[in-house]
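What the coordinates show
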Amino acid sequence: MDQDRAKAAVARAACDLIAPQLATDSVVGVGTGSTANLFIDALAEIRHTFDAAVSSSEASTARLQAHGIHVLELNAAPAVAVYVDGADEVDPSRALIKGGGGALTREKIVAATADTFVCIVDDSKPVDRLGAFPLPVEVIPMARGLVARRLAGLGGQPVYRQGFVTDNGNVILDVHGLSITDPDALEREINHIPGVVTNGIFAAERPETVLVGTPGGVERL
Ligand code: 5RP
């Protein structure tokens, strides 16, 4: 099973997992990225079994609407039953690095709102320790220099993501060279730097469930 087939299988498995939990008034939270796109495609097949979606990016909103799925503003959603999204890395404690697609802030907001978070990855994503994937940090543009210096002080090498603006009008610093031994502590520490909107460590908002697409099928981490 190649990576694309693994992503498709895990997206389908997530849909099968959440389907029994959905009712006609349910709202489903939807992530961003290639795996989340395949989840949207699977979700479209059961779109009459739930009410609406809330989305973590303009790109996912467009894909949901193209499938005829009603997309609510998060503030208009009475509750979000489940959030389903991919990740760039997942460690054995289910802490994640996310934000390769730059949607980390909205992703973290929807994950925090949802009753439960199901993370869907192919088998290239599980790692023993987070940090080989450069950690995305969303930054208010005027604070880019300050935040970069503070991140360097933490031992990372921040790289400005050239030509990229988030859906929130901000910039991304991708931090190379971090070996993340305590994801909870580093998530808090980076978020305390003035000008940081959020960083791509999802430790406070760990998924309850991680599904991994492997050559042998879909496994639960
Ligand atoms: C986007 C994300 C994605 O979930 C992450 O980058 C994984 O993407 P893909 O499913 O394409 O491998 O965090 O901001």
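Throughout what follows, the structure given in this document is the object of discussion.

Attention shifts here to helix α6 (residues 183–191). For α6, the complete set of buried residues consists of P183, L186, E187 and I190. Taken end-on, α6 shows its buried residues confined to a sector of 105 degrees, consistent with a single buried face. Summarising the contacts, the buried residues of α6 are in contact with α4 (104–113), β7 (135–139), α5 (144–153), β10 (196–199) and β11 (201–202).

So, on to a nonpolar patch on the surface. A cluster of nonpolar residues, I140, M142 and V197, forms a patch on the protein surface that exposes about 310 Å² of accessible area. Summarising the element assignment, V197 is placed in strand β10. Given a relative accessible area of 32%, V197 falls into the partly exposed group.

What follows deals with the side chain of D88. Along the chain, D88 turns up in the loop between β3 (82–85) and β4 (89–90). Here D88 occupies a buried position and makes no salt bridge, while the nearest side chain of opposite charge, K125, is found at 4.8 Å. In contact with D88, not counting residues within four places along its chain, are I97, K98, G99, G100, K125 and F133.

Below, the discussion takes up the sheet that holds strand β2 (residues 52–55). Pairing in this open sheet of 6 strands is mixed, and the strands run β2-β1-β3-β6-β12-β13 from one edge to the other. Where the open sheet ends on each side, the last strands, each with one partner, are β2 and β13 (217–220). The sheet shows a mean angle of 25 degrees between the axes of neighbouring strands, direction not considered. Lying on the sheet, α4 is in contact with β1 (27–30), β2, β3 and β6 (117–122); it crosses β3 at an angle near 145 degrees.

Turning our eyes to something else, we now look at helix α2 (residues 34–44). Within α2, burial applies to T35, A36, F39, I40, A42, L43 and A44. Considering only its buried residues, α2 is in contact with α1 (3–18), β1, α3 (58–66), β3 and β6.

Considering all chains together, one arrives at 0 disulfides under this definition. You can see C15 has no disulfide; the closest cysteine sulfur is in C119, sitting 16 Å from it. A residue is classified by how much of its surface remains accessible, and C15, at 3% relative accessible area, is buried. Looking at C119, the relative accessible area reads 0%, which means it is buried.

In this structure the tally under the stated criterion is 8 salt bridges. Residues R161 and D174 are paired through a salt bridge, measuring 2.8 Å at the closest nitrogen-oxygen approach. In this pair, R161 sits in the loop between β8 (157–160) and β9 (171–176) while D174 sits in strand β9, placing the two residues 13 residues apart along the sequence. A single burial state applies to R161 and to D174, both of which are buried. Each member of the salt-bridge network shares a partner with another, and the members are D85, K98 and E107.

Rules used throughout
- Position labels on residues start from 1 in each chain and follow its written sequence.
- Under the rules for a predicted model, residues below a pLDDT of 70 receive no local features and side-chain atom pairs below 80 are neither given nor counted, while totals for whole chains, interfaces and linings still include all residues.
- To get the side-chain values, take all heavy atoms of the structure and skip hydrogens and water.
- Classification of residues uses two cut-offs on accessible area relative to the type maximum, computed with a 1.4 Å probe and protein chains only: under 20% is buried, over 50% is exposed, and between them is partly exposed.
- What counts as a helix is a DSSP run of H or I of at least four residues, what counts as a strand is a run of E of at least two, and both are numbered from the N terminus.
- Within this analysis, the arc is defined by the directions that extend from the helix axis to the C-beta atoms.
- Whether two residues are in contact is decided by their heavy atoms, any of which lying within 4.5 Å being enough.
- Patch building starts from residues that exceed 30% relative accessible area and form no salt bridge, then joins like charges within 9 Å and nonpolar side chains (Val, Leu, Ile, Met, Phe, Trp, Tyr) within 5 Å.
- Throughout, the Shrake-Rupley method with a 1.4 Å probe supplies accessible areas, and for residues the shown protein chains are the sole cover considered.
- Between Lys or Arg on one side and Asp or Glu on the other, a salt bridge is scored when a side-chain nitrogen of the former is within 4 Å of a carboxyl oxygen of the latter.
- His is not counted here, nor are the chain ends, while Lys and Arg score as positive and Asp and Glu score as negative.
- For two strands to be treated as a pair, DSSP must find no fewer than two bridges joining them.
- Lines fitted to C-alpha atoms define the axes, with helix axes restricted to the stretch in contact, and inter-axis angles between N-to-C directions lie between 0 and 180 degrees.
- Any pair of cysteine sulfurs within 2.5 Å is marked as a disulfide.

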